[in-house]
Amino acid sequence: MSRSWSRTSRVIAGAATALAVLTACGGGGAGETDADGPVTITFWGWAKGSKDVVDAFNASHKNIQVTFEEIPSGTAGGYAKISNAVKAGNAPDLVSIEYASLPEFVSSGALQDIGDQFTEQDRGKLLPQAVELTTLGGKSWAVPFDAAPQAFFYRKDLFAKYQVDVPKTWDEFKTAAEKVKKADAKARIATFFPDDPTTFEAMAWQAGAQWFKAENDTWKIDTTDPATTKVAGYWQGLLDADLVHKDASFSPEWTGSLKNGTTIGYLGASWGAGVLKGTLPEQSGKWAVAPMPNWGTPASGMLGGTSFAVTKDSGKKAAAVEFAEWMSTTEAGVKARIASGTSSAFPAATALRPVAKSVFDAGYYGGQDIYALFEEAGASIDGTWAWGPTTGTTNTTIKDQFGKLAPGGPRITDAVKAGHDATVAELTKRGLKVEG
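Residues numbered from 1 in each chain as written. Predicted model: local features only at pLDDT ≥ 70, side-chain atom pairs only at ≥ 80, totals over all residues. Heavy atoms only, no water.

Novice: Run through the overall build of the protein, naming residues and quoting values.
Specialist: Each helix and strand in the protein was counted, giving 18 helices and 17 strands. Across its three principal directions, the C-alpha atoms of the protein cover 70 × 50 × 35 Å. Counting all 436 residues of the protein, 56% fall into the buried class. Taking contacts inside the protein between residues at least 6 apart in sequence as the whole, the part at least 24 apart equals 78%. If you sum the accessible surface of the protein, you get close to 16800 Å²; carbon and sulfur atoms cover 51% of it. When the 42 positive and 48 negative side-chain charges of the protein are each reduced to one mean point, those points stand 4 Å apart. (Helix = DSSP H or I, 4+ residues; strand = E, 2+ residues; numbered from the N terminus. Buried < 20%, exposed > 50% of the residue type's maximum accessible area, 1.4 Å probe, protein only. Contact = heavy atoms within 4.5 Å. Areas by Shrake-Rupley, 256 points an atom, 1.4 Å probe, with all protein chains shown as cover. Lys, Arg positive; Asp, Glu negative; His and termini not counted. Charge placed at Lys NZ, Arg CZ, Asp CG, Glu CD.)

What follows is the structure, given as structure tokens:
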């Protein structure tokens with residue numbers, strides 16, 4: 001585990017005074033019995049295959065039963081629902097939280113330290129970067145489920161029809177984008193998502209940016225570094241030249257363009273393989289997956305990635321962690337999720353990746369070994385990136401500004417600078433030392 005990650009953890013412990021001193025609740029998993037039988041815990045999440053996992057767990061466990069509620073994805077309202085439930089004192093026992101948002105939930109005192117249940121031996125089975133993303137202030141706050149290395153999904157039939165080579169670098173991607181537009185005036189190689197700053201952040205991560213840096217007792221914020229500026233300028237150029245579509249992620253417009261072939265590529269992550277398979281079943285055999293275009297050296301950011309955290313008022317921590325670990329670190333848990341046919345999760349538990357590969361039906365991608373590609377991409381994730389405790393503020397601001405992008409109007413660099421300023425202001429408001 002890198003020094004950078006550990007240093008960030010120490011600063012969150014020292015500088016982010018909003019980290020509450022939480023009372024550990026619960027005892028042994030089997031001992032947390034309800035009066036009339038097994039322990040019943042509640043779980044809120046949105047990841048593909050979650051209901052299938054819950055059903056499999058309930059069928060195979062007598063001491064713990066899980067009641068599942070599907071909620072919107074975090075940025076689509078799920079996080080607001082969780083936060084409101086915590087404030088109202090009626091939160092579920094276990095919740096899905098992406099790595100980027102975990103520090104904010106921790107700093108607000110919404111979660112419990114689970115280190116007494118999720119041990120170092122348990123954590124040793126998982127991708128170190130994922131473990132560090134859930135370790136703040138020297139405490140363990142969530143069970144990592146997956147890693148989410150970037151990947152480029154493309155219509156291999158249309159790439160062949162238009163005689164476009166699959167781009168390996170961002171320079172080649174621009175050339176390919178020009179060729180696609182020339183071949184079909186309505187077609188574009190990919191989409192810029194104005195509603196989803198996380199995709200842009202993953203590309204900045206891939207380029208070597210580091211927006212949040214913790215040193216001693218100070219947060220150093222920089223979203224205008226050379227790497228980010230390079231990525232922003234690159235995408236602004238694609239938009240200015242009308243080489244990519246600009247549609248909201250997973251919107252009817254975006255989905256429709258995939259269905260009619262006017263969008264022939266998708267810059268996503270490992271979990272996107274299941275999304276496309278579930279969204280466009282009629283296009284089975286037409287899609288393939290390639291490494292993310294890079295700046296000259298193979299690299300990947302992490303786009304998303306899920307962890308499972310126990311809310312602060314749950315009195316059933318041990319049972320909740322036992323279920324979370326079953327989902328994340330057992331063969332049965334991974335099989336149940338991926339066998340649903342909607343998930344292509346890339347487990348943080350390295351030993352379970354062959355299991356995921358064996359269960360995922362790769363026929364949609366012509367039998368391509370997509371997990372081997374994810375494995376290489378995952379290994380290239382830069383471990384120096386860290387998330388700060390105000391991701392919600394950062395992303396909301398950038399999203400609002402992205403929505404205003406237009407010829408002659410605000411630029412991507414303006415949006416990212418606005419995110420920077422809002423982040424500094426929010427950290428200062430919380431009484432933290434900030435540079436940036």
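Novice: Residue-level account of the sheet that holds strand E13 (residues 265-269), with values.
Specialist: Spatially, E13-E8-E14 is the arrangement adopted by the three strands of the open sheet, whose pairing is antiparallel. Two strands lie at the open edges of the sheet, namely E13 and strand E14 (287-290), each paired on one side alone. Neighbour-to-neighbour, the strand axes of the sheet open up by a mean angle of 30°, direction not taken into account. (Pairing = 2+ DSSP bridges. Axes fitted to C-alpha atoms, helices over the stretch in contact; angles between N-to-C directions.)

Novice: Please provide a residue-by-residue account of the nonpolar core, values included.
Specialist: Ranked by size, the top nonpolar core spans 116 residues in total, and within it Phe-173, Ile-189, Trp-235, Leu-276, Tyr-365 and Ile-412 carry the most contacts. Ignoring anything within four residues of it in the chain, the contact list for Trp-235 reads Trp-170, Phe-173, Phe-192, Met-203, Val-244, Leu-267 and Ile-412. Within the second largest apolar cluster, 18 residues are counted, among which are Trp-44, Tyr-79, Phe-105 and Leu-111. (Core = buried A, V, L, I, M, F, W, Y, C linked by side-chain atoms within 4.5 Å.)

Novice: So what's going on with the sheet that holds strand E3 (residues 94-98)? Residues and values would help.
Specialist: Here we have five strands laid out as an open sheet, ordered E2-E1-E3-E15-E6, and mixed in their pairing. On the outer flanks of this sheet lie strand E2 (64-70) and strand E6 (143-144), each paired with one strand and no other. Where E6 lies against strand E15 (residues 306-310), two bridges are found, and the strand directions are antiparallel. Each residue of the ladder has a partner; that of Pro-144, found in E15, is Ser-307. Strand contacts of helix H3 (residues 78-88): strand E1 (39-45), E2 and E3, with the helix running at about 135° to E3, the strand carrying the most contacts.

Novice: Account for the packing of aromatic side chains, naming residues and giving values.
Specialist: Scanning the entire structure with this criterion turns up 42 aromatic pairs. Judged by centre distance (6.3 Å) and plane angle (50°), the ring pair of Phe-173 and Trp-235 falls under tilted. Placement of the pair is Phe-173 in helix H8 (residues 170-183) and Trp-235 in helix H10 (residues 226-240), with a sequence separation of 62 residues. Residues Phe-173 and Trp-235 agree in their burial class; the two are buried. Pairing Phe-250 with Trp-271 gives two aromatic rings, centres 6.3 Å apart and planes at 50°, and the pair type is tilted. On the criterion of sequence distance, the pair formed by Phe-250 in the loop between strand E12 (245-246) and helix H11 (252-259) and Trp-271 in the loop between E13 and helix H12 (272-279) is long-range, its members being 21 residues apart. The exposure class of Trp-271 is partly exposed, given its relative accessible area of 26%. Members of the aromatic cluster, each reached through a chain of ring pairs, are Phe-153, Phe-193, Phe-250, Trp-254, Tyr-266, Trp-271, Phe-346, Phe-360, Tyr-364, Tyr-365, Tyr-371 and Phe-374. Just above the ring of Trp-295 sits the side chain of Lys-230; from NZ or CZ to the centre is 4.5 Å. The lysine or arginine in question, Arg-337, covers the ring of Phe-145, its NZ or CZ lying 4.6 Å from the ring centre. (Phe/Tyr/Trp six-rings, centres within 6.5 Å; stacked < 30°, edge-to-face > 60°. Lys NZ or Arg CZ within 6 Å of the ring centre and 35° of its normal.)

Novice: Please set out the confidence of the model for the protein residue by residue, giving values where relevant.
Specialist: Predicted confidence across the protein gives a mean pLDDT of 90, with 92% of residues reaching 70 or more. This model gives residues 1-31 a pLDDT under 50, and the stretch forms 75 contacts once residues within four places in sequence are excluded. (pLDDT = per-residue confidence, 0-100.)

Novice: Break down the pattern of salt bridges for me, with residues and values.
Specialist: With the rule as written, the count across this model stands at 20 salt bridges. A salt bridge links Asp-242 to Lys-181; the shortest N-O distance between them is 3.8 Å. In this pair, Asp-242 sits in the loop between H10 and E12 while Lys-181 sits in helix H8, placing the two residues 61 residues apart along the sequence. Of the residues examined, Lys-181 reaches a relative accessible area of 28% and is grouped as partly exposed. One network of salt bridges, with partners in common, ties together Lys-213, Glu-215, Lys-220 and Glu-435. (Salt bridge = Lys/Arg side-chain N within 4 Å of Asp/Glu carboxyl O.)

Novice: Got a sec to walk through the side chain of Ser-107? Specific residues and values, please.
Specialist: In this fold, Ser-107 is placed in helix H4 (residues 102-107). Among the residues examined, Ser-107 registers a relative accessible area of 5% and is labelled buried. A polar contact is formed between the side chain of Ser-107 and the backbone oxygen of Glu-104, at a distance of 3.0 Å. (Polar contact = N/O pair within 3.5 Å; in protein donor to acceptor, adjacent residues only side chain to side chain.)

Novice: Can you lay out the pairing of strand E10 (residues 212-215) for me, pointing to particular residues and giving the numbers?
Specialist: On any regular strand, side chains alternate: one points to one face of the sheet, the next to the other face. Only one face of E10 is buried, namely the one carrying Phe-212 and Ala-214, since none of Lys-213 and Glu-215 on the opposite face is buried. Pairing of E10 with strand E11 (residues 218-221) involves four bridges; the strand directions are antiparallel. Paired with Glu-215 across the two strands is Thr-218, which belongs to E11.

Novice: Which residues make up the packing of helix H17 (residues 391-402) against helix H18 (residues 412-429), and what values do they have?
Specialist: Running from amino to carboxyl end, H17 crosses H18 at an angle of 150°, the nearest separation of the two axes being 8 Å. By the angle between their directions, the pair H17 and H18 is classed as roughly antiparallel. Between H17 and H18 lies a crossing whose hand is right-handed. Packed against H17, whose contacting residues are Thr-393, Thr-394, Thr-397, Ile-398, Gln-401 and Phe-402, the element H18 presents Ile-412, Ala-415, Val-416, Ala-418, Gly-419, Ala-422, Thr-423 and Glu-426 at the interface. (Parallel < 35°, antiparallel > 145°, perpendicular 65-115°, else oblique. Left-handed = near helix turned anticlockwise from the far one by under 90°.)

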